[in-house]
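Secondary and tertiary structure notes
As a plain string of letters, each chain reads:
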Amino acid sequence: MTGQANAVQQPDRPDMQADLARMLHELAGLTFDDTEPLETTAVRFLSEADRVIHGNRRPCRPAIINGLAARYGLLGQSPATLEETGRAMGVTRERARQIQKKHEALHGLHLRWPQLDAALELASRQAPCTESALADELLDRGLTTVRYSLASLRACAEFAGRQLGLDMKDGVVTDDPDVLTAAYRATRRLSERQGLATLLQVSDEVLDAGVVVTEGDVRALLATSESVVWLDDHHVTWRSSVRNRLVNTLRNLLSVHQPVDLLSARRAVENFWAYRNAGRTADQADLVAPTLTGLRVFCEWHDQFAVDDDELSATVPLDLNAELGVEAALLVELIRMSPNGVLDRTSLMETAEAYGINLSTAGVYLTFHPAFVQLDRNAWTVRGTQAASDVVATVQGQARARSLTENRDFRAGVTPDGRPWVLLAVTSNVRLTGVLLRRWLPRGTPSTRFELTDERGESCGTAVYNDETGFTHGLGTYIRRFGLRVGEYVYMCADPDEETASITHGGSDEMGRPMQTHSAG
């Protein structure tokens, strides 16, 4: 009956429970050596207490004491299961449970345990930190001689009647899991949205989620995560982002031409994302292009890019069609096929239309896409094309001469009831782009989206007025629906308060009646 000889003996004196309570109180008043490590003190306390429990009887053997310490989680690891405890003690699982029960009075005493207090204070100061970093610090300070998990440190605190207000979240020891989660989520969202982020951007993003955290706190929180990549002291990214818009934009850019100087690459990203921002809803955050420094450190870190003397290139093969898509890739080839690699907007749009490219899409590409460059007024080419100034001047002159042959009639005013109106002759540029490049709303009218209705009251698209430029985009839907030709007239009358506008078209005679009415008004 070896197991019985080594087990805790049942107290048999009637007053044993009272004596035990008194002795435990005395044990709680002891001050243990503040130079020995936590695990040594834990075993020492259990041994002393075991002698109290047994009185004059033989105390438990060391394997039992060490097994109890492991069961309570006092030796650096999480509390052991009963199965593991039994194996360590050399007894059955059930016997281990009985032994633990006999020693339940030991748990929760407020012991005078200086090195535990020092360890708990150190953990609170270190947080947020990784569990590994905390274990290293405890070792360095001589508070332990084995690596302590947070679960074991908490078990020691609970055993000795203390509280440890730290939790483990995403592999990080923290006193505020909600703030940590918010910082991580913000960093990941920003990385997926725009490639990388500054600490200030992370702080602002966390604030938008309703959590106040300083830039310094963000630095401490992110420093603990293995998922966060520090590009430099101020820029971070998320290592395992499924999507990264900056990578996609740079691949678009470099699939057309490389190398590209970093400054040009940053401007291309900023311009392209400005278009993306214009189409985002109120609940969607804007894309913020990286600084030149941010772009450099990101590309130096990312394995798909290389930076050499301010020149950016790709380290992986890039296929133009795969990166840009069919329409944008075709548009690139159409420009390259032109005699000088430079086209005016109207000629380019007509060529695109002949090849079946959606005109609205082509217009967006020319204005914002990083593959295309506007060399000068009304002169476009593909990035990387070297065009002499006289070539650009020739293209501009030909476009201007053509434009002068078209009816460019344009009139604007306000109805008697205060509604602004515009009447314009359709030019090649308007027909192909759906963009009115002249201001027709009174200055000070804010940028507005007007829901368009035709003369039958049916919805026919959206016109977007930009007060900064005076341009109106979105007429292409109406122009294509009714097959308007160059020289026909379009009449539009807006209600800015309701954000609606009526639109109709016809010849000069058909448009005479509203013109006469509004002129009289």
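Bear in mind that the values here come from a model prediction, so they are computed numbers and not experimental data.

**Concerning the overall build of the protein chain**
Scanning the protein chain from N- to C-terminus turns up 23 helices and 18 strands. The buried share among the 521 residues of the protein chain stands at 47%. Accessible area for the protein chain stands at about 25,600 Å²; split by element, carbon and sulfur atoms hold 47% of it.

**Here we look at the packing of aromatic side chains**
Counted according to the given criterion, the structure contains 8 aromatic pairs. Between Phe-45 and Phe-159 the ring centres are 5.7 Å apart and the planes differ by 80 degrees, which places this aromatic pair in the edge-to-face class. Within this pair, whereas Phe-45 is found in helix 3 (residues 38-54), its partner Phe-159 is found in helix 9 (residues 150-159), the two being separated by 114 residues in sequence. Note on Tyr-72 and Phe-159: the rings are 5.2 Å apart at their centroids and 45 degrees apart in plane angle, and the pair reads as tilted.

**Comments concerning a positive patch on the surface**
Taken together, Arg-377, Arg-400, Arg-408 and Arg-438 make up a surface patch of like positive charges. Summarising the element assignment, Arg-408 is placed in the loop between helix 20 (389-404) and strand 12 (410-414). Given the relative accessible area of 48%, Arg-408 is considered partly exposed.

**Considering the sheet that holds strand 4 (residues 197-198)**
Picture the strands of a sheet paired through backbone hydrogen bonds; they go either parallel or antiparallel. Strands sit in the order 4-6-5 across an open sheet of 3 strands; the sheet is antiparallel. The open sheet is flanked by strand 4 and strand 5 (228-230), the only strands paired with a single partner. Across 2 bridges, the pairing between strand 4 and strand 6 (residues 235-238) is antiparallel. Across the sheet, Thr-198 pairs through a bridge with His-235, a residue of strand 6.

**Let's talk about the pattern of salt bridges**
Side-chain pairs of opposite charge can arise whenever the charged atoms involved come near each other. All chains considered together, the criterion is met by 22 salt bridges. With a shortest N-O distance of 2.4 Å, Arg-97 and Glu-94 are connected by a salt bridge. With a gap of 3 residues between them, Arg-97 and Glu-94 both fall in helix 6 (residues 93-102), about one helical turn apart. Judged by relative accessible area, Glu-94 falls into the partly exposed class, the value being 37%. Sharing partners across several salt bridges, the network here consists of Arg-189, Arg-193 and Glu-205.

**Points about the pairing of strand 13 (residues 420-425)**
Along strand 13, 6 of the 6 residues are buried, which leaves the element largely enclosed by surrounding structure. Both faces of strand 13 are covered, namely the face carrying Pro-420, Val-422 and Leu-424 and the face carrying Trp-421, Leu-423 and Ala-425. Where strand 12 and strand 13 come together, 5 bridges link them in antiparallel fashion. Paired with Arg-411 across the strands is Leu-423, a residue of strand 13.

**A closer look at the confidence of the model for the protein chain**
Summarising the model, the protein chain shows a mean pLDDT of 85, and 90% of its residues fall at 70 or more. Scored below 50 in pLDDT, residues 1-14 shows 24 contacts in the model against residues more than four places distant or in partner chains.

**Remarks on the side chain of Asn-244**
Here Asn-244 lies in the loop between strand 6 and helix 13 (245-256). Residue classification places Asn-244 among the buried positions, given a relative accessible area of 12%. Side-chain polar atoms of Asn-244 contact the backbone oxygen of Gly-195, separated by 3.5 Å. One polar contact links the side chain of Asn-244 to the main-chain amide nitrogen of Val-247, over a distance of 3.2 Å.

**Considerations on helix 8 (residues 131-140)**
Turning to helix 8, its buried residues are Leu-134, Ala-135, Glu-137 and Leu-138. The buried residues of helix 8 all sit within an arc of 160 degrees when viewed along its axis, so they share a single face. In the core, the buried residues of helix 8 are packed alongside helix 7 (114-126), strand 1 (129-130), helix 9 and strand 3 (172-174). Just past helix 8, the residue Gly-142 takes up positive phi, approximately 75 degrees.

**Considering the packing of helix 3 against helix 4 (residues 62-72)**
Orientation of helix 3 relative to helix 4, taken along the N-to-C sense of each, is 120 degrees, at an axis distance of 9 Å. Considering the angle they form, helix 3 stands oblique to helix 4. When you trace helix 3 past helix 4, the crossing you get is right-handed. Judged by residue contacts, Val-43, Leu-46, Ser-47 and Asp-50 of helix 3 engage Ile-65, Asn-66, Leu-68, Ala-69 and Tyr-72 from helix 4. The residue makeup of the contact of helix 3 with helix 4, split by class, is 6 nonpolar, 2 polar and 1 charged.

**A short note on the side chain of His-235**
Position of His-235 relative to the elements: it lies in strand 6. Accessibility expressed as a relative area gives 9% for His-235, which makes it buried. When neighbours within four sequence positions are excluded, His-235 is seen to be in contact with Leu-196, Ala-197, Thr-198, Val-229, Trp-230, Thr-291, Thr-293, Gly-294 and Val-297.

**Remarks on helix 9**
Across the 10 residues of helix 9, 7 count as buried, placing the element largely inside the fold. Of all the residues in helix 9, the buried ones are Leu-150, Ser-152, Leu-153, Ala-155, Cys-156, Ala-157 and Phe-159. The secondary structure elements touched by the buried residues of helix 9 are helix 3, helix 4, helix 7, helix 8, strand 2 (167-169) and strand 3. Count one or two residues on from helix 9 and you reach Gly-161, which has phi positive near 75 degrees.

**Observations concerning the environment of Trp-301**
Along the chain, Trp-301 turns up in helix 15 (residues 292-301). Residue Trp-301 is classed as partly exposed on the basis of its relative accessible area, which comes to 33%. In this view, Trp-301 contacts Val-229, Leu-231 and Thr-237; residues no more than four positions away in its chain are not counted.

**Digging into a negative patch on the surface**
A cluster of like negative charges, contributed by Glu-451, Asp-497, Glu-498 and Glu-499, occupies part of the molecular surface. With respect to the element layout, Glu-499 can be found in the loop between strand 17 (489-495) and strand 18 (500-506).

Rules used throughout
Residues numbered from 1 in each chain as written. Predicted model: local features only at pLDDT ≥ 70, side-chain atom pairs only at ≥ 80, totals over all residues. Heavy atoms only, no water. Helix = DSSP H or I, 4+ residues; strand = E, 2+ residues; numbered from the N terminus. Buried < 20%, exposed > 50% of the residue type's maximum accessible area, 1.4 Å probe, protein only. Areas by Shrake-Rupley, 256 points an atom, 1.4 Å probe, with all protein chains shown as cover. Phe/Tyr/Trp six-rings, centres within 6.5 Å; stacked < 30°, edge-to-face > 60°. Patch = residues over 30% accessible without salt bridge, like charges linked within 9 Å, V, L, I, M, F, W, Y side chains within 5 Å. Salt bridge = Lys/Arg side-chain N within 4 Å of Asp/Glu carboxyl O. Lys, Arg positive; Asp, Glu negative; His and termini not counted. Charge placed at Lys NZ, Arg CZ, Asp CG, Glu CD. Pairing = 2+ DSSP bridges. pLDDT = per-residue confidence, 0-100. Contact = heavy atoms within 4.5 Å. Polar contact = N/O pair within 3.5 Å; in protein donor to acceptor, adjacent residues only side chain to side chain. Arc of directions from axis to C-beta. Axes fitted to C-alpha atoms, helices over the stretch in contact; angles between N-to-C directions. Parallel < 35°, antiparallel > 145°, perpendicular 65-115°, else oblique. Left-handed = near helix turned anticlockwise from the far one by under 90°. Nonpolar A, V, L, I, M, F, W, Y, C, P; charged D, E, K, R; others polar.

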